[in-house]
Structures are given as C-alpha cells and as structure tokens.
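Here is what each chain is made of, one letter per residue.
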Amino acid sequence: MTEYSKIYNPLNTFKIKGLGEKTLDKLRSMGIETLYDLIYYFPRAYEDRTNFKDIINLRQDEYAVVKGRIVGIENRKLGYRKNITKARVSDPTGFLEVVWFNMPHLKYSLKVGEEYIFIGNIKRGYNFQMVSPEYKRVEEEKEFKGEILPIYGLTKSMKQSTLRKLIEGALNNYEGYFKENIPAEILKEYRIMERERALREIHFPKSTKGAEGAKNRFAVEELLVLQMGIQEKRYLGDIANKEQYKLQDNKHLVKRFLEGLHFQLTGAQKRVVTEIYRDLNQGRITNRLIQGDVGSGKTMVAMIVLLYMVENSYQGVMMAPTEILAVQHYLSIGRIFEKMGIRTALLTGSVKGKAKEKLLEEIKDGQVDIVIGTHSLIEDNVEFHKLGLIVIDEQHRFGVVQRKKLREKGVLANLLVMSATPIPRSLALSIYGDLDVSVIDELPPGRKPIKTKWIDNEPDLEKAYTFIEKQLAKGRQAYFVAPLIEESEKMATKSATELHREIEERFGNYKVGILHGRMRNSEKDEIMGEFKENNIQIMVSTTVIEVGVNVPNATVMVISSAERFGLSALHQLRGRIGRGEHASYCFLLSNTENDSSKSRLRVMEETTDGFEIAEEDLRLRKSGEIFGTKQSGVSDLKFVDIVHDVKTIKMVRDLSKEYLKENLGRIENIYLKEDIKRKFMNIENN
Ligand code: ADP
Ligand code: MG
C-alpha cells in the first residue's frame, strides 16, 4: 500500500478530535467510512452571512438560506394525528411560509418578532414555502468566526457544528495526505484550484468565488479520473487496433441489395455506413454507437454491414431486446437475405428441443450466416463458426456484461450498438467514452411529421374518436396505449383489458387486438402478425410495443394517462406511427395538474425531433439519471451533474485526449493513476 492510498483507509485508523465509537456509527449511517469520505463530504449549500437570499428571489426546488423575522405562527390539524406548524416569515423583500410537520411544540419555542435563519428546500404550492427547514436564532449563531458557513446534508442524529468540527480537525491533521492528483500542466493551463486549497475553500470558503472555484476543481477532478481512465484504454487500444484482420472488401451482394431497394439511402445512412467501412477496411475492431431517431433507418445500416461481413466470409448476429422485435427483424431482414442466398436464422426463447439443437449445430458449423435473436444468443451453448459482427438493437435495454458476453463469442468482436434514445452528441461521447459515435441525423424523405394533440376533456376526446373513425374508414390502423402501471404486470394487464373492452364497444366495426406482457411470446407474435397483415385494425397494448415495432399503415396512436410516461418513453411510443406514406396523429390523454407533466406534454405537442426532445428531457430533469448510463461509470458521479455540467464534461474529455496524445499514452501523475485504478476496479465490480 502506498502512502497516498491511506486516504481510503477506515476513519477509525485516524486520530481526529471528537471521533468516538458513537460518532463513527453516525457517520457510517451517512455513508462516511473512510478519511476520503469524510473530507469529500461537501456542503450542499452555504450560509453566506454577507448575502442571504432575498425572499423575492427564491426559486422552486432551491436549497436556500433565508434570514427573516417571524411575524406569526400557528398549529393546525391535518387529519388524524397529524399536525402542521406554519410560520409566516418576512424579510425586507417579501413573505415566506415556513412549515413543519408533527412538531407542534415549535409554536411555543419559536418567538414571534425574533429574527431567525432558515435553511431548507423551497417548494411551490400556491405560494413559495420552505418545508421542514433547519433554523436558528440570529442571536445564538456566534460560534463560527467566518462569514460563510458550510451547510451539510445531515441525518437526524448529526449536528452541523459536530460535523463541521470533525472535518476541520481531519483537515488540520491530514490535509497533507491529499496529494495533487491533477497533472500540473492541466492545473496551470485551465487555472484549476490546487487540491489542498480547494479542500479548505469548499468547506470553509473565504468568499463565494472561492467556493465556486473549489466546486469546479472537484468536478474536474472527478471527471478526470473517469475520462483519463477511459481515454488511456482507448489510446493504448487504438495503437494496437489496426490491421488485426484483412477483409477482401467484396461488395457485390451489398450492391445487389441496394439496387433491389425501392428507395435511396439517406445521406446520413450513407455517411454512417462509410464510417463503419473505414474501420473494417483498416482491420480495426469497430466499437460503435449508432444513434438515430426513431424511424431514421438504423436497421438498414445494420443490414448493409451484416451483408458486407457475410460476403467477406464472416458470420453476423443481431440481438434485439424483445421477441416481438427479433421476429420482426427476422421477417423483414430474413426474407430479403434468404432470396439472396444468405442463410438467416432466428434464435429466441421459443426455439426449443430438437429444433434448437439442430440450429445450434448449424450456427457452429457455419451453415448459418446471420442469426437474429434475443438474449438467448448469449447463452453458453451458442457457439459460432466465424463470427465477425455483432449488432445490438435498442442498446439501452442491455447491460455492459451482455455486450461483453456476446463479443467473446466472436473471432472478431466488431460491435455496433443502435440506440433510438438520442442524447446530445457531446454527452454521448462522454458517457459512452469507450464507443465511437455515429449519428443518423436525417429521416428518410417524404415522412409527414406526426401531429400531436394533448387532450384534457371529454368533448375533445369524443372529437378525437370521431376523427379516428375516419382514419379507420380510410383503411388506416391505430394503437391505443394503456396507462403505464409499474407496480405489477398483473395490474398493467388489467388496465389494458379494460381499455380493450371500452375500445371494442366504441369501435364496433373493427377488429381490436390486445397485447400485454403476460401473454406468451408466441401469442404476442401471432397478434402482432395479425396487426401487420391488417387483419386487426386496432391494437390495444401496454408499453410492450414501445421499442422498434414497424407497421407503416398504423397512423393513429392514443396514449392514456400520458402524464405517467417520461419524455423519452412518449417519444419512443409515438415513434410507432409516422412510419409510412400517410400523415399520422398522436393523442395524449391527460388531465394532469402537475406542472412538470404539463411541460412534458407541451414539448410533445411542439416537436417530433428526438434530439430536441432529449435536450428538453435533460432540462426538465433534476438529477442526471439518463437511460443507459448505469454501468458507464457516469451515473455515480458525485460532484458533477451530467445534465448541467455538459461543458465541463466535454472539456475534461478533450483535455484528457490531448494530454494522452502529448504524453504518448502515459499518465505522469502517480496519484491520478492510483485513483483511476481504484475507480475502474469499482466500476467493473458493479
Ligand atoms: P429505426 O431507426 O427506428 O430502427 P427502421 O430501421 O425500422 O427505423 O426504419 C423505419 C422505416 O423506414 C422502415 O420501414 C424502413 O424500411 C424505412 N427506411 C429505412 N431507410 C429508408 C430510406 N433511406 N428511405 C426510405 N425509407 C427508409
Ligand atoms: Mg429499430
């Protein structure tokens, strides 16, 4: 163990004043176990005594420190055994309501007419409210000499002053252990605050500017550990990643295939195919994310590259997250490929017994060129003769481990992952640092934009139904999506069944099918098949139709309780229509009163551009929880908000690349190296 790594040792191995068994326990319950944890437990806000927040400037969801006088206080019953204490607080700019629950004694201990400091979250009801804040009398708060006090997030049993003293003590004794882990030239060039000073400033800032500088430093530090780690692997990988194999570069089949299509590739499709060809022709193992909005024609790109690999003597696989989707790919891709003499097979959970044995043999012998399937492809007994390309559709449904397992089956681990959850490119590059990113940012020509309408009352709904009837009479088809119910598949099924009954009654002249997660896969496929063939005109469904399903004649979608869905889920769902030559219509049913739900529905009415929606989605979210980021090492960033710190993320990614290039892949700072090692051990063990 190096001297430096001592910072990750348990707290009880350090001498810090006031750190007894009890305190250790309390800290543990706050997730603080090591010296590092304690010193890196940063304040969530500051009480800037030179600058309290004016009531008039408060914002929703803000963690604020307000100084004001109590002008009134009262207790009220809130139903059985519940009680609410409301205080009216005033400062020179306005009034604020402050509330606590089940603390009736406060009415007597807080003094009307006195000045207090309140620290807490701001919520918006009819007026701004601060809910269950910490508070103290201005008079009493004299213990601390500085002007700006740190406010930590605490559990009940821990006091601000106790934690403050512990951290101060720890810093005094062990500051020197926290060696500078950002390379000196980076510190200098980007004017980043040094580590020791930043630790002081973040806990006990001399000015708000100092605290800001420190905050920025720790965001950079955290990102640097992640990005340098990723980029180092890439740099070294890239050097080795060329001329690993040599393809003949035959393109006869691809040409024939393209000539047989009744449309031209879009410019974006062509560009992405070229990007992939370039990797393959340099003998590089490709590892690429293909991002494209719903309906942008990602499958087409996958088909071309699969075909290309096959005619250059490799096998290919395509894995989809659901059986419905795998079957759909198999039917559309398989049909075309078989005609060209390419042997295509389907492997899903439904393939069993003798048939499966035979298929596995054929895959192993190389009699099958392309296998399309579900998770079943990952099973150990699936072996390939000469697998050269893996395509994963709707990648956010799969984890890193599944990707890796499939790659291990290949002689060449060429990987294309396809995602219809667009995220801004700069963010994608940072989140999926180990992948190259290609973007299909163009829809095939002639698509009519989907018209979307949010409906919040019965008369409008009736109008919509009349409209839908006309569409059906014209020969179009419709989806009705039942409310999202997360608690159980059983409940979701129930709600779909009820909706089915209702729709059957209302649209008696048409055949109405139902699709939900509790049906057997064979049943699902059958009913989807019927819908595709237009033997069924209306499909009532739970969200099982969310990904990938392609029925161009379906031009209407009605989504019940639309407020329950997130933006990206709504966008995915809506992507099931607008896939053909006819104009399409989406109705979002909701009588929500919730502001953020309303904003989402409005965004849906205003745009169909997935990238725009993704940006809105990021903006509307408070935390940075984004699809598919779980195992990327990004989702557990503590000092970075991937929604708001996009600029810093990009900066650190670029500077990491630059640094490695200049230093020929070597990281000179040994402390950074050690932190990287630790970080990636943690990511891989997750
Ligand atoms: P997604 O990117 O959502 O997976 P698909 O690959 O399912 O989209 O393509 C949607 C539809 O667009 C399919 O019916 C496909 O045949 C069609 N398509 C793909 N590329 C083109 C193109 N260049 N011109 C016209 N139609 C296209
Ligand atoms: Mg698709």
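Look up: the structure comes first, before these words.
These numbers were taken from a predicted model, which means no experiment stands behind them.

Calculation rules
Residues numbered from 1 in each chain as written. Chains lettered and ligands numbered in written order. Predicted model: local features only at pLDDT ≥ 70, side-chain atom pairs only at ≥ 80, totals over all residues. Heavy atoms only, no water. Pairing = 2+ DSSP bridges. Helix = DSSP H or I, 4+ residues; strand = E, 2+ residues; numbered from the N terminus. Axes fitted to C-alpha atoms, helices over the stretch in contact; angles between N-to-C directions. Contact = heavy atoms within 4.5 Å. Parallel < 35°, antiparallel > 145°, perpendicular 65-115°, else oblique. Left-handed = near helix turned anticlockwise from the far one by under 90°. Nonpolar A, V, L, I, M, F, W, Y, C, P; charged D, E, K, R; others polar. Near = heavy atom within 4 Å. Polar contact = N/O pair within 3.5 Å; in protein donor to acceptor, adjacent residues only side chain to side chain. Areas by Shrake-Rupley, 256 points an atom, 1.4 Å probe, with all protein chains shown as cover. 1 Å grid on protein atoms, 1.4 Å probe; cavity = no way out; pocket = protein on both sides within 12 Å on 5 of 7 lines; lining within 4 Å. Sits in = over half its atoms within 2 Å of the grid points. Salt bridge = Lys/Arg side-chain N within 4 Å of Asp/Glu carboxyl O. Buried < 20%, exposed > 50% of the residue type's maximum accessible area, 1.4 Å probe, protein only. Points joined across faces, edges and corners; volume = space filled by probe spheres on them.

Details of the sheet that holds strand β16 (residues 477-481)
Part 1 of the reasoning: The sheet built from six strands is open, its strands ordered β15-β20-β19-β16-β18-β17 with parallel pairing. In this open sheet, the two edge strands, each paired with only one partner strand, are β15 (451-455) and β17 (512-515). The average angle at which neighbouring strand axes cross in this sheet is 15°, direction not considered.
Part 2 of the reasoning: Against the sheet, helix α16 (residues 489-506) engages β16, β17 and β18 (538-541), with an angle of about 175° to β17.

Comments concerning the packing of helix α15 (residues 458-473) against α16
Part 1 of the reasoning: Two elements in contact, α15 and α16, have axes separated by 12 Å at closest approach and are oriented at 65°. When the axis of α15 is compared with that of α16, the two are roughly perpendicular. Helix-helix and strand crossings are classified by hand; for α15 and α16 the assignment is right-handed. Taking contact as the criterion, the partners of Glu462, Tyr465, Thr466 and Glu469 in α15 are, on α16, Glu502, Ile503 and Arg506.
Part 2 of the reasoning: Considered class by class, the residues forming the contact of α15 with α16 number two nonpolar, one polar and four charged.

A closer look at the site of ligand 1
Part 1 of the reasoning: Surrounding ligand 1, one finds 16 residues, the nearest of these being Gln264, Gly295, Lys298, Thr299 and Arg447.
Part 2 of the reasoning: Contact distances for ligand 1 include 2.8 Å between a nitrogen atom and a side-chain N or O atom of Gln269.
Part 3 of the reasoning: Here an oxygen atom of ligand 1 sits 2.9 Å away from a polar atom, N or O, in the side chain of Arg579.
Part 4 of the reasoning: Notes on ligand 1: free accessible area 570 Å², of which the protein chains cover 85%.
Part 5 of the reasoning: If you map ligand 1 onto the pockets, it falls in the second largest pocket.
Part 6 of the reasoning: The class makeup of the residues in the shell around ligand 1 is four nonpolar, eight polar and four charged.

Some details on the sheet that holds strand β13 (residues 414-419)
Part 1 of the reasoning: Reading across the sheet, the seven strands line up as β10-β11-β9-β12-β13-β8-β14 and stay open at both edges, with parallel pairing between neighbours. Strand pairing shows two members of the sheet lacking a second neighbour, β10 (344-347) and β14 (436-440), which therefore form its edges. Going across the sheet, the axis of each strand differs from the next one's by a mean of 20°, ignoring polarity.
Part 2 of the reasoning: Across five bridges, strand β8 (residues 287-292) lies against β14 in parallel orientation. Counted as the bridge partner of Gln291 is Val439 from β14.
Part 3 of the reasoning: Against the sheet, helix α9 (residues 267-281) engages β8, β13 and β14, with an angle of about 155° to β14.

Structural notes on the pattern of salt bridges
Part 1 of the reasoning: Evaluated as defined, the whole model comprises 31 salt bridges.
Part 2 of the reasoning: With its nearest N and O atoms 3.1 Å apart, the salt bridge here joins Asp369 to Arg343. Taken together, the positions of Asp369 in the loop between α12 (353-365) and β11 (370-373) and Arg343 in the loop between α11 (323-339) and β10 put the pair 26 residues apart, joining distant regions of the chain.
Part 3 of the reasoning: According to the relative accessible area criterion, Asp369 is buried, its value standing at 11%.
Part 4 of the reasoning: Linking Glu383 and Lys364 is a salt bridge whose minimum nitrogen-to-oxygen distance equals 3.9 Å. Of this pair, Glu383 sits in the loop between β11 and β12 (387-392) while Lys364 sits in helix α12; the two residues are 19 residues apart in sequence, bridging distant segments of the chain.
Part 5 of the reasoning: The partly exposed category is assigned to Glu383, whose relative accessible area is 39%.

What to know about the packing of α11 against helix α17 (residues 521-532)
Part 1 of the reasoning: It is the contact of α11 with α17, at a shortest axis distance of 9 Å, that shows an interaxial angle of 50°. As summarised for this structure, α11 and α17 are arranged oblique, according to the angle between their axes. Between α11 and α17 the crossing geometry is right-handed. Contacts from Glu323, Ile324, Val327 and Gln328 in α11 reach Asn521, Lys524, Asp525, Met528 and Lys532 in α17.
Part 2 of the reasoning: Grouping the constituent residues of the contact of α11 with α17 by class yields three nonpolar, two polar and four charged.

Comments concerning the layout of surface pockets
Part 1 of the reasoning: One number sums up the size of the second largest pocket: a volume of about 1500 Å³.
Part 2 of the reasoning: Lining the second largest pocket are 44 residues, with Phe263, Met300, Ser332, Asn550 and Pro552 sitting closest to its centre.
Part 3 of the reasoning: At the level of secondary structure, the elements contributing two or more residues to the lining of the second largest pocket comprise α8 (252-260), α10 (298-311), α11 and α17.
Part 4 of the reasoning: In terms of residue count, the dominant contributor to the lining of the second largest pocket is α11 (eight residues).
Part 5 of the reasoning: The residue inventory of the lining of the second largest pocket, partitioned by class, reads 17 nonpolar, 16 polar and 11 charged.

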